[in-house]
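An overview of the molecular structure
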Amino acid sequence: SITDPKIFDIFEEQMRYMIEYWQAPAYFMGYDEIRVGAWEEQPGGTNYQAGELLAQHVARAVEIAEEYAPDAELYVWSDMFDPFHNARDLGDLHGYYLCNGDFYGAWEGLPPEVAIIKWGPGGRPCLDFFAERGHKIVISAGTADAVRNWRRQAAGLDNVVGFMHTNWHSDFSGLPSFMEAIEGPLPPEE
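In short, a report on the structure. (Residues numbered from 1 in each chain as written. Predicted model: local features only at pLDDT ≥ 70, side-chain atom pairs only at ≥ 80, totals over all residues. Heavy atoms only, no water.)

The subject of this paragraph is unusual backbone geometry. Both trends apply: most residues other than glycine have a negative phi, and most peptide bonds are in trans. We note that Gln-23 has phi near 50°; this positive angle belongs to a residue other than glycine. Along the chain, Gln-23 turns up in the loop between α1 (6–21) and β1 (26–29). Here the phi dihedral of Ala-38 falls at roughly 70°; this positive angle occurs in a residue that is not glycine. Within the secondary structure, Ala-38 sits in the loop between β2 (36–37) and α2 (50–68). (Helix = DSSP H or I, 4+ residues; strand = E, 2+ residues; numbered from the N terminus.)

Overall, parallel pairing links the five strands, which are arranged β1-β3-β5-β6-β7 in an open sheet. Each edge of the open sheet is held by one strand with a lone partner, namely β1 and β7 (160–165). Going across the sheet, the axis of each strand differs from the next one's by a mean of 25°, ignoring polarity. Two elements, strand β5 (residues 114–118) and strand β6 (residues 137–141), share three bridges in a ladder whose sense is parallel. Counted as the bridge partner of Ile-117 is Val-138 from β6. Sitting on the sheet, helix α4 (residues 144–153) touches β5, β6 and β7, and the angle it makes with β6 is about 150°. (Pairing = 2+ DSSP bridges. Axes fitted to C-alpha atoms, helices over the stretch in contact; angles between N-to-C directions. Contact = heavy atoms within 4.5 Å.)

By size, the foremost hydrophobic cluster in this structure holds 47 residues, and its most contacted members are Tyr-31, Leu-54, Val-76, Phe-81 and Phe-103. Of the residues forming this core, the biggest block, eight residues, is contributed by α2. Ignoring sequence-local partners within four residues, the contact set of Tyr-31 consists of Leu-54, His-57, Val-58, Ala-61, Val-76, Trp-77, Asp-79 and Phe-81. Counting six residues, the second-largest nonpolar core is a separate cluster that includes Tyr-75, Trp-77, Ile-117 and Val-138. (Core = buried A, V, L, I, M, F, W, Y, C linked by side-chain atoms within 4.5 Å. Buried < 20%, exposed > 50% of the residue type's maximum accessible area, 1.4 Å probe, protein only.)

Our focus in this paragraph is the packing of α1 against α2. It is at 10 Å that the axes of α1 and α2 come closest, and there the two elements cross at 30°. Between α1 and α2, the crossing angle belongs to the class labelled roughly parallel. Crossing handedness for the pair α1 and α2: right-handed. Between α1, through Ile-7, Phe-8, Phe-11, Glu-12, Met-15, Arg-16 and Ile-19, and α2, the contact on the second element is made entirely by His-57, Arg-60, Ala-61, Ile-64, Ala-65, Glu-67 and Tyr-68. (Parallel < 35°, antiparallel > 145°, perpendicular 65-115°, else oblique. Left-handed = near helix turned anticlockwise from the far one by under 90°.)

Quick look at the packing of α4 against helix α5 (residues 175–183) now. Between α4 and α5, the least distance of the axes is 8 Å, while the angle of their chain directions is 15°. The pairing of α4 with α5 is recorded here as roughly parallel in orientation. The hand of the α4/α5 crossing is right-handed. Every residue of α5 that contacts α4 at Ala-144, Val-147, Arg-148 and Arg-151 is listed here: Ser-177, Phe-178, Ala-181, Ile-182 and Glu-183. Classifying every residue of the contact of α4 with α5 by side-chain character gives five nonpolar, one polar and three charged. (Nonpolar A, V, L, I, M, F, W, Y, C, P; charged D, E, K, R; others polar.)

Our next topic: the pairing of β6. Most of β6 is tucked away, with five of its five residues classed as buried. Here β6 shows a buried face lined by Ile-137, Ile-139 and Ala-141 and a second buried face lined by Val-138 and Ser-140. One crossover worth recording links β5 to the parallel β6 by way of helix α3 (residues 123–132), and it is right-handed. Bridging between β6 and β7 involves five bridges; their strand directions are parallel. Across the sheet, the residue bridging to Ile-139 is Phe-163, located in β7. (Right-handed = clockwise from strand over helix to strand, strands pointing away.)

It is worth spelling out the environment of Ser-78 at this point. Its location among the elements puts Ser-78 in the loop between β3 (73–77) and β4 (98–99). Separated by 21 residues in the primary sequence, Ser-78 and Cys-99 have C-alpha atoms spaced 18 Å apart. For Ser-78, the contacting residues outside a window of four places in its chain are Ile-116, Ile-117, Lys-118, Trp-119 and Phe-130.

Another aspect to go through is the pattern of salt bridges. Close approach of charged atoms lets side chains of opposite charge pair. Under the criterion given, the structure shown has six salt bridges. Residues Arg-60 and Glu-63 are paired through a salt bridge, measuring 3.2 Å at the closest nitrogen-oxygen approach. Within this pair, Arg-60 and its partner Glu-63 are both found in helix α2, separated by three residues, close to a single helical turn. Among the residues examined, Arg-60 registers a relative accessible area of 30% and is labelled partly exposed. (Salt bridge = Lys/Arg side-chain N within 4 Å of Asp/Glu carboxyl O.)

Structure follows, in structure tokens:
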């Protein structure tokens, strides 16, 4: 349950350990592909939707992270906060996977200083959405072709600050062409 206050006790303890042992300049928050949630009885009898619960949760997590690492950069996967991906409005559909409702509006808990690691669908509208909210964006891609496509989508957006090689496998043979696609000229579109 993301409404259980014990979660933040655990999170705070983990942040203390991270700072004590790593003192890293950046931290990656693990909100990603949430598949079950918002079925619990909510504190005080409230009836927040899954997106509202996640927004409140991530806002508190950012507060804790900034308390322990005020100068560190924070990053988060895009999907659960992206209205073109897992945070889309599902309307009359029952819910997202096994969740009670959808995660629409979850982005309201993300302050602009949290950078977005963009993966999945959405193209330029998604990039514009996060850029207009003031987030830096790092695009997660697995192939050189994906990098070239995203470079075209991101043309003219100063908020896109980098690419991250994400292939979900242990084969890194495509890494040299991935790196070339980041810096190299874009071939003409077919």
